[in-house]
Amino acid sequence: MLINKLPLLEQTQSPKPSHKTKLNFENTSYLQGEKFYKQPLVQKQKRQLSIMKSQNEIKKQIQSITDDSVSKRIQQPKTQLEFQTIDKLQLEFETKYIEQNRVIDDLKLENIKLKMQLEEQEQQIIYLKIINSDLRQQIEISSTDIQIKKIEQEYKDTYRRMDETLRKAIDENYESQIKMKNLQIKSQQLEQFTFMFKQQLTCKFCRKELNNTITVIPCAHNYCQRCVSGYVGRCFACNDDNKVQATYHNEYMSDLINMYKIFENILSLLRN
Ligand SMILES: [Zn+2]
Ligand SMILES: [Zn+2]
């Protein structure tokens, strides 16, 4: 670095005359000036030489300094101070080595602790996974519980509706049973009436359907014309000798019998 700066110093200083010489040149004559001018040229050369010399010296000095330091380190025998510094460094190194070893041991311990922690955490993760699956199962069970409750509610609702329908049906059935009973009574009454009606249309002697009806006065019992023994002198049904006043041929009875036949047909249709 120093060497590079030196030529620059030469360029800036050497070509320019000093301020003092310039003043002298103006005050003297031309010849005097020429003589005076030659003198600074020599001076300049001399100065350049001296600069060169000093430059070389500096170069040498620098070289010697650098060489000296390197050679001192490599070749020259170690001095007492150097030994001391080496010992010091060695001691420093040893303490640092011990310290580092301690740090390494600490790190190893910490590493073991961390590994143990990691294992613990892994176990915790496994445990949590088991709990998670358990919870999921419980949730599924609870969802099926909800479904079962829904189904139960639906069943209860359906049962209630069916029960209502059944009660209505029972009520209706009861009503219809009453109606049926009434109908049965009416039908029985009708049967009795029919029986009585038919009795009125049967001969009191032969117990068959009247044929050419003869009616007795005053009891109004009816006989067939061919069953004369039933009403001659006395009425067979009344069994009283003095009762019969007269008999007549009852044409109206044949109409009644025809009416009864129609009625019986209707009745048989109703029975079925
Ligand atoms: Zn008869
Ligand atoms: Zn009679």
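As annotated in an unreviewed UniProt entry, the chain carries the name RING-type domain-containing protein and is attributed to Paramecium primaurelia.

Caption draft 1: How the structure looks around the overall build of the chain. Of the regular secondary structure elements, the chain holds five helices and three strands. Counting helices and strands in the order they occur from the N terminus, the chain gives α-α-α-α-β-β-β-α. A burial count over the chain gives 11% of its 272 residues as buried. Sequence separation of at least 24 residues holds for 47% of the intrachain contacts in the chain that already meet a minimum separation of 6. A total accessible area of about 24400 Å² is found for the chain, and carbon and sulfur atoms account for 57% of it.

Caption draft 2: Structural detail: the coordination of the zinc ion (ligand 2). The zinc ion (ligand 2) binds to the protein through C219 (SG), H221 (ND1), C235 (SG) and C238 (SG); the donor distances cover 2.0 to 2.3 Å. Donor residues for the zinc ion (ligand 2) sit on one chain with the sequence pattern C-x1-H-x13-C-x2-C. Here H221, found in the loop between β1 (214-217) and β2 (222-223), pairs with C238, found in the loop between β2 and β3 (246-249); they are 17 residues apart in sequence, far enough to count as distant. Exposure remark for C238: the relative accessible area of 24% places this residue in the partly exposed category.

Caption draft 3: Examining the sheet that holds β3 more closely. Sheet architecture is open: three strands sit in the order β2-β1-β3, paired in antiparallel fashion. Here the strands that pair on one side only, and so sit at the sheet edges, are β2 and β3. Sheet topology places β1 next to β3; four bridges connect them, and they run antiparallel. Bridge pairing links T215 to Y248 in β3.

Caption draft 4: Focus on the packing of helix α4 (residues 80-200) against helix α5 (residues 252-271). At a minimum axis distance of 11 Å, the contact between α4 and α5 shows a crossing angle of 150°. By the angle class used here, α4 and α5 are roughly antiparallel. For the pair α4 and α5, the sense of crossing is left-handed. From α4, L190, E191, F193, T194, F197, K198 and Q200 reach across to α5, where they touch M253, L256, Y260, F263, E264, L267 and R271. When grouped by side-chain class, the residues that make up the contact of α4 with α5 number eight nonpolar, two polar and four charged.

Rules and cut-offs
Residues numbered from 1 in each chain as written. Chains lettered and ligands numbered in written order. Predicted model: local features only at pLDDT ≥ 70, side-chain atom pairs only at ≥ 80, totals over all residues. Heavy atoms only, no water. Helix = DSSP H or I, 4+ residues; strand = E, 2+ residues; numbered from the N terminus. Buried < 20%, exposed > 50% of the residue type's maximum accessible area, 1.4 Å probe, protein only. Contact = heavy atoms within 4.5 Å. Areas by Shrake-Rupley, 256 points an atom, 1.4 Å probe, with all protein chains shown as cover. Donors = N, O, S within 2.8 Å, 3.2 Å for Na, K, Ca; no water. Pairing = 2+ DSSP bridges. Axes fitted to C-alpha atoms, helices over the stretch in contact; angles between N-to-C directions. Parallel < 35°, antiparallel > 145°, perpendicular 65-115°, else oblique. Left-handed = near helix turned anticlockwise from the far one by under 90°. Nonpolar A, V, L, I, M, F, W, Y, C, P; charged D, E, K, R; others polar.

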